[in-house]
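# A look at the structure
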Amino acid sequence: MSGAGIDLSLLAEQTRRLQGASLSQINLDDPARVSDFALRVGPLYASFARQSYDRQAWQALLALARDADLVGAMQRLVDGEPVNVTEGRAALHTALRGEVSGSPTARAAHADALRARARMCAMVEALAATDVTDIVSVGIGGSDLGPRMVVDALAQPDAPAVGRMRPRVHFVSNVDGAAAQRTLSALDPRTSAAILISKTFGTQETLLNGGIVRDWLANDSRLYAVSANVQRASDFGIDPERILPMWDWVGGRYSLWSAVGFPIALAIGFEAFEALLAGAAELDAHALQAAPEANLAVWHALTAVWNRNARHAATQAVLPYDERLKLLPNYLQQLVMESLGKRVKLDGAAVAGDTVPVWWGGPGTDTQHSFFQALHQGTQIVPADFIGTIRCDHPYLENHAALLANLLAQTEAFANGQDSDDPHRVYPGDRPSTLLLLDALTPHSLGMLIALYEHSVYLQSVLWGINAFDQFGVELGKQVANRLLPALKGDGDAEDPVTRALLVEIRNRT
Ligand code: F6P
């Protein structure tokens, strides 16, 4: 892998040529765009017709995809080559959900994954046979956000499973003790079990919260762990029989498909968990096999690069019009920004242009009544991914029609705007968006959606020539916090004068 990154000057040319061309005009001039700039993969439909590139700019983007050898990059990923070059590791999340590669490395990883999944299935069944009604899942970052989001999207805690209710799953992540207190105070340890999830089993938050939950539970037989460091988990007091494995070749933020998804399997059932994996595997096959011009992951990645490097958008919104996907923006913030928040290329040289924008968002229609004003009339243009679900699973059809009407209306209003004699009432339009529509929100379609973002992130990293799989940027703050902890407890002081003054302030008021 060269890691050179694409030649951004080619995008600047397209930006110059398109200066003054409005998004609405591009669509009016080229009516076939509506169908030509849309793709369907199984239950997932995507429309890019409201992005600000025309056909010529799109061809330029596809040329960049060829230059960057995105097809070869996908193959290297699934074959288990060490795409995480700074740590010399593979990133084989695809092997957790299917056998998309025949490489010996990928096959061995898939076999490991199947063995772990079989153990996890047995644990789900064993727990189902007990009187456990509540599960406390302790983890943070990639050991929390994915399971938390999927459980929130798919679990129906009140729906009776076969003859019994599924356990409710609660998540504790923040080192703020209020998180553990709020969760545990509502639960009964006699009918609860806990899972401590940490790839390293060295994360401060998880060790502290894990200790609180272990002591609260006071029942070792209901304490589980998921970790790549079985020794540390067992030293923590967890029976190795109840420790599920993880491996170096799975990045934390790409790990919900592994035993990190144990809380998901408990909340939605093992079959549904497997359907989630099958959905991701379907998207994997598509991302690997479809030609770049018909490849949804490539389209999504090129669109991100277009908005960042040709349109210089500083932020990117993600707006799920489905209450069940309200945690998707939180999940994507780690997936996208921890992966792509990099300023040097694989060879250590500075990147030529900007990499990841700030990702943020929230569910429609709530957000229409909070920050949409700025999106419509503010001075910053914020490209948005709108996500909707065609069929709902509730009986309130009038609400669902209103939800979809709002979804379509916003994408249209963003793109076309509206003129007025009164400057306060002018909507400038030209706000680009992508629309992702799921036929219905199911484990399968959600698996596809998540895998789409994973592959888009990886392909963006290839286009920028950066490593999507390390996260050294989060280490410094952890080190400083570890140094300051004794001072906060009254032992020693800080070297930094500002921190020292702040410590005095805190001590005086404690
Ligand atoms: O935030 C940094 C990070 O290392 C993430 O990449 C990871 O998902 C999270 O901490 C938790 O790490 P662990 O699973 O090892 O506890």
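Each value, and the rule that gives it
Residues numbered from 1 in each chain as written. Predicted model: local features only at pLDDT ≥ 70, side-chain atom pairs only at ≥ 80, totals over all residues. Heavy atoms only, no water. Near = heavy atom within 4 Å. Polar contact = N/O pair within 3.5 Å; in protein donor to acceptor, adjacent residues only side chain to side chain. Nonpolar A, V, L, I, M, F, W, Y, C, P; charged D, E, K, R; others polar. Pairing = 2+ DSSP bridges. Helix = DSSP H or I, 4+ residues; strand = E, 2+ residues; numbered from the N terminus. Axes fitted to C-alpha atoms, helices over the stretch in contact; angles between N-to-C directions. Contact = heavy atoms within 4.5 Å. Buried < 20%, exposed > 50% of the residue type's maximum accessible area, 1.4 Å probe, protein only. Core = buried A, V, L, I, M, F, W, Y, C linked by side-chain atoms within 4.5 Å. Domains from an automatic or database assignment. Expected span 1.5 Å × (residues − 1). Bend = angle between axes of the 7 residues up to and from the residue. Patch = residues over 30% accessible without salt bridge, like charges linked within 9 Å, V, L, I, M, F, W, Y side chains within 5 Å. Areas by Shrake-Rupley, 256 points an atom, 1.4 Å probe, with all protein chains shown as cover. Salt bridge = Lys/Arg side-chain N within 4 Å of Asp/Glu carboxyl O. Parallel < 35°, antiparallel > 145°, perpendicular 65-115°, else oblique. Left-handed = near helix turned anticlockwise from the far one by under 90°. Arc of directions from axis to C-beta.

## Quick look at the site of the ligand
Close to the ligand lie 13 residues, the nearest being Ser143, Ser198, Thr200, Thr203 and Glu338. At 2.7 Å, a backbone N or O of Gly142 approaches an oxygen atom of the ligand. Ser143 is positioned such that a nitrogen or oxygen atom in its side chain is 2.7 Å from an oxygen atom of the ligand. Classifying every residue of the shell around the ligand gives 2 nonpolar, 8 polar and 3 charged.

## Overview of the sheet that holds strand E6 (residues 223–227)
Spatially, the 5 strands line up as an open sheet ordered E4-E3-E5-E6-E7, and their pairing is parallel. Each edge of the open sheet is held by one strand with a lone partner, namely strand E4 (168–172) and strand E7 (243–245). Strand after strand, the sheet turns through a mean of 20 degrees between neighbouring axes, direction not considered. Where strand E3 (residues 134–138) and E4 come together, 5 bridges link them in parallel fashion. Opposite Asp134, over in E4, you have Arg168 as the bridge partner. Strand contacts of helix H6 (residues 104–128): E3, strand E5 (192–197), E6 and E7, with the helix running at about 150 degrees to E7, the strand carrying the most contacts. Where helix H8 (residues 177–185) meets the sheet, its contacts fall on E3 and E4, and the angle it forms with E4 comes to roughly 160 degrees.

## Side note on the side chain of Gln460
By the element assignment, Gln460 lies in helix H17 (residues 443–464). On the basis of relative accessible area, Gln460 is assigned to the buried category, the value being 1%. Apart from the residues lying within four places of it in its own chain, the contact partners of Gln460 are Ala301, Ala304, Val305 and Leu340.

## Overview of the nonpolar core
In terms of nonpolar packing, the biggest core is built from 119 residues, with Phe262 and Leu446 touching the most fellow members. Top element by residues in this core is H17. It accounts for 13 residues. Each of domain 1 (10–67 + 290–470) and domain 2 (119–273) accounts for three or more of the residues forming this core. Each residue touching Leu446, except ones within four places of it in the same chain, is listed here: Val150, Ala153, Leu154, Leu276, Leu325 and Leu441. By size, the runner-up hydrophobic cluster in this structure holds 17 residues, among which are Val172, Leu196, Val213 and Ile243.

## Topic: the domain arrangement of the protein
Many authors give the size of an interface as the accessible area that is lost as the parts come together. Under the domain assignment, the protein is made up of domain 1 (10–67 + 290–470), domain 2 (119–273) and domain 3 (475–508). Using only C-alpha atoms to locate each centre, domain 2 and domain 3 end up separated by 32 Å.

## Some thoughts on helix H18 (residues 475–488)
Taking 1.5 Å as the rise per residue, H18 with 14 residues should run 20 Å; its terminal C-alpha atoms sit 20 Å apart, in good agreement. Roughly 25 degrees is the biggest bend found in H18, and it falls at Asn482, with proline Pro486 one to four residues downstream. Immediately beyond the C-terminal end of H18, within one or two residues, lies Gly490, with a positive phi of roughly 100 degrees.

## With respect to a nonpolar patch on the surface
Taken together, the side chains of Leu485, Leu488 and Ile506 make up a nonpolar region of the molecular surface, amounting to roughly 260 Å² of accessible area. Relative to the helices and strands, Leu485 resides in helix H18.

## Topic: the packing of helix H14 (residues 328–340) against H17
In contact at an axis separation of 10 Å, H14 and H17 are set at 25 degrees when each is read in the N-to-C sense. The orientation of H14 with respect to H17, classified from their angle, is roughly parallel. H17 is crossed by H14, and the crossing has right-handed handedness. Residue-level contacts link Leu328, Tyr331, Leu332, Leu335, Val336, Ser339 and Leu340 of H14 to Leu449, Ile450, Tyr453, Glu454, Val457, Gln460, Ser461 and Trp464 of H17. For the contact of H14 with H17, the residue count by class is 11 nonpolar, 3 polar and 1 charged.

## Some details on the pattern of salt bridges
Taken as a whole, this structure holds 24 salt bridges when the rule is applied. A salt bridge links Arg89 to Asp248; its shortest N-O distance comes to 3.9 Å. Taken together, the positions of Arg89 in the loop between helix H5 (70–79) and H6 and Asp248 in the loop between E7 and helix H11 (262–268) put the pair 159 residues apart, joining distant regions of the chain. One salt bridge connects Lys342 with Asp470, and the closest N-O pair in it is separated by 2.8 Å.

## Remarks on unusual backbone geometry
Trans peptide bonds make up the majority, and among non-glycine residues the majority have a negative phi. A cis amide bond links Gly364 with the next residue in sequence, Thr365, at an omega value of 15 degrees. Here Thr365 shows up in the loop between strand E9 (358–361) and helix H15 (372–377). Here the phi dihedral of Phe201 falls at roughly 55 degrees; this positive angle occurs in a residue that is not glycine. Looking at the element boundaries, Phe201 is found in the loop between E5 and helix H9 (204–217). Notably, His312 is not glycine yet its phi reads approximately 55 degrees, a positive angle. Look at His312 and you get exposed, because its relative accessible area is 56%.

## What about helix H1 (residues 9–17)?
When H1 is considered as a whole, its buried residues turn out to be Leu11, Gln14 and Thr15. Down the axis of H1, the buried side of the element spans an arc of 100 degrees, and every buried residue falls inside it.

## A word on the sheet that holds strand E11 (residues 433–440)
The 6 strands are arranged E1-E2-E11-E10-E8-E9 in an open sheet whose pairing can be described as mixed. This sheet does not close on itself; its edge strands, each paired only once, are strand E1 (38–41) and E9. Taking the axes of each pair of neighbouring strands and ignoring which way they run, one obtains an average angle of 20 degrees across the sheet. Two elements, strand E10 (residues 384–391) and E11, share 7 bridges in a ladder whose sense is parallel. For Ala384, the partnering residue across the bridge sits in E11 and is Ser433. Lying on the sheet, H14 is in contact with strand E8 (315–321), E9 and E10; it crosses E9 at an angle near 170 degrees. The strands touched by H17 are E1, strand E2 (44–47), E8, E9, E10 and E11; relative to E11, the strand with the most contacts, the crossing angle is about 155 degrees.

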